[in-house]
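Residues per chain, in single letters:
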Amino acid sequence: MARYRLRFLLQEFDLRGPEVIIGRSPECHITIEDPLVSRKHAKILVDPDVPPRITDLGSRNGVRINGEKIEGIQELTHGDRVRLGTQELVFYQATRQRREARTTGFMTVCHQCSTPYPEQAKQCPHCGAPARDEDTMSGLIIEPRRTWTFQLLGEVIERALATGRTSEAVRLMRRAAREVDERLTSGEGIDPEQLTHISGFALQLADQGGGVEWVTWALNVHRQQMLFPNQRLVDQIEKLDLATMPDLKFALGEFAQWAVAERVTLRPPPDPQRVDRLQQIAR
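Residues numbered from 1 in each chain as written. Predicted model: local features only at pLDDT ≥ 70, side-chain atom pairs only at ≥ 80, totals over all residues. Heavy atoms only, no water.

Draft legend 1. Just the overall build of the chain, in detail. Counting secondary structure elements, the chain contains seven helices and 13 strands. Excluding contacts between residues fewer than 6 apart, the proportion of contacts in the chain whose partners are at least 24 apart in sequence is 49%. Surface exposure of the chain reaches about 15,100 Å², of which carbon and sulfur atoms provide 48%. (Helix = DSSP H or I, 4+ residues; strand = E, 2+ residues; numbered from the N terminus. Contact = heavy atoms within 4.5 Å. Areas by Shrake-Rupley, 256 points an atom, 1.4 Å probe, with all protein chains shown as cover.)

So, in structure tokens, the structure goes:
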């Protein structure tokens, strides 16, 4: 009989039928501590006559297989990457000879992402530091976890904003802001498109009553990255009700002055019309 398993970080789980429930609840067969994982998030159906299949149990953030969100029941194949919340599990078919799970031995902490992993590993299986992004446990080349965690947070924030769940959007935005701040502090940097994306959500929160803090945060991270907001972000700033955020005028004026002084070192140099426009908004 075929034997199937899920690999999650340093752990391996046998999939024994007829069903395996995965979620945040301790009552699940496999428990994952992640605020973006529902209490009962997904179910894997294990039948000896057919390949294992997975289905979403009505979770808020869905189930993704190899990056694609599933609908209904989907068959699992060897090597599939199953993403729940910000966590990723690898599905595989084990060999006939059962291999006992390896002990981890002495652990070390990654200097890049602070994830513990076996000391004998040549690199972090979480982020790939220092040489490359590689899962040393499975040999699979995977997308760095910090990147797709950031992308997933953006998707969830966007959904919360679109449905008017402002308090939830604020909570998730604070987590995204911490992620950005950690990446900047560690020297990783942020892709300009990703920065524009998450800054746009921050400005939406400000527009929905979130206050000046989200605008100043977006300006500060642009300043740290030596970037000037693109046309879309300037449009969003212009639409804000500055009467409700009197402190914002000073922050905008100071940022515009900094951009003029650093114009040569910014990448790319900002369009003078955009800088003038920001100064006019501040006035």
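Draft legend 2. Structural context of the environment of Phe228. Relative to the helices and strands, Phe228 resides in the loop between α4 (213–224) and α5 (231–239). Taking relative accessible area as the criterion, Phe228 reaches 8% and is therefore assigned buried. For the pair Phe228 and Thr196, spaced 32 residues apart in sequence, the C-alpha to C-alpha distance is 10.0 Å. Beyond its immediate chain neighbours, meaning those up to four positions away, Phe228 contacts His222, Val234, Phe255, Ala259, Leu266, Pro270, Arg274, Val275 and Leu278. (Buried < 20%, exposed > 50% of the residue type's maximum accessible area, 1.4 Å probe, protein only.)

Draft legend 3. Quick look at the environment of Tyr92. The residue Tyr92 is located in strand β11 (residues 87–94) in this model. If we skip the residues at most four places from it in the chain, Tyr92 touches Arg3, Tyr4, Arg5, Leu6, Arg7, Glu12, His78 and Gly79. Reaching out from Tyr92, the side chain makes a polar contact with the side chain of Glu12 at a distance of 3.2 Å. (Polar contact = N/O pair within 3.5 Å; in protein donor to acceptor, adjacent residues only side chain to side chain.)

Draft legend 4. Representation of α5 in the model. Those residues of α5 lying buried are Leu233, Val234, Gln236 and Ile237. The buried residues of α5 occupy one face: seen down the axis, they fall within an arc of 155 degrees. Along its buried surface, α5 packs onto α3 (192–210), α4, α6 (246–261) and α7 (272–282). (Arc of directions from axis to C-beta.)

Draft legend 5. Structural detail: the confidence of the model for the chain. Here the chain shows a mean pLDDT of 79. Residues at 70 or above account for 78%. Counted against residues more than four places away or in other chains, residues 97–107, with its pLDDT under 50, gives 20 contacts. (pLDDT = per-residue confidence, 0-100.)

Draft legend 6. Molecular detail of α7. Listing the buried residues of α7 in full gives Arg274, Val275, Arg277, Leu278, Ile281 and Ala282. Burial along α7 is one-sided: seen end-on, the buried residues are contained in an arc of 160 degrees. Along α7, the residues that are exposed and aim more than 90 degrees away from the buried face are Gln273 and Gln280. As for α7, its buried residues are in contact with α5 and α6. Two to three positions downstream of the cap, the backbone nitrogen of Gln273 sits 3.0 Å from a side-chain oxygen, assigning the N-cap of α7 to Asp271.

Draft legend 7. A look at the pattern of salt bridges. Overall, the coordinates contain twelve salt bridges when judged by the stated rule. Between Glu12 and Arg7 there is a salt bridge, with the nearest N and O atoms lying 3.4 Å from each other. Here the salt bridges share partners, and the residues they tie into one network are Arg5, Arg7, Glu12, Asp14 and Arg16. (Salt bridge = Lys/Arg side-chain N within 4 Å of Asp/Glu carboxyl O.)

Draft legend 8. Structural context of the sheet that holds strand β10 (residues 81–84). Pairing is antiparallel in the open sheet, where six strands are placed in the order β2-β1-β11-β10-β7-β8. In the strand order of this sheet, the two ends are held by β2 (11–14) and β8 (68–69), each with one partner. Pairing analysis gives five bridges linking strand β1 (residues 3–8) to β11, with the strands arranged antiparallel. Its bridge partner lying in β11, Leu6 is registered against Phe91. (Pairing = 2+ DSSP bridges.)

Draft legend 9. Main features of unusual backbone geometry. Despite not being glycine, Asn66 shows a phi value in the positive range, around 55 degrees. Of note, Asn66 is situated in the loop between β7 (63–65) and β8. The phi angle at Met226 is positive, at roughly 55 degrees, despite the residue not being glycine. For Met226, the location among the structural elements is in the loop between α4 and α5.

Draft legend 10. Focus on the sheet that holds strand β9 (residues 73–75). Across the sheet, five strands lie side by side as β4-β3-β5-β6-β9; this open sheet has mixed pairing. With one partner strand each, in any of the chains shown, β4 (30–31) and β9 form the two edges of the open sheet. Pairing of strand β6 (residues 50–56) with β9, which is carried by three bridges, proceeds in the antiparallel orientation. Counted as the bridge partner of Ile54 is Gln74 from β9.

Draft legend 11. Structural view of the side chain of His41. Position of His41 among the secondary structure elements: in the loop between β4 and β5 (42–47). At 2.8 Å, the side chain of His41 and the backbone oxygen of Gly62 are in polar contact. Those residues in contact with His41 that sit more than four places away from it in its chain are Ile22, Gly23, Leu36, Asp56, Leu57, Ser59, Gly62, Val63, Leu84 and Gly85.

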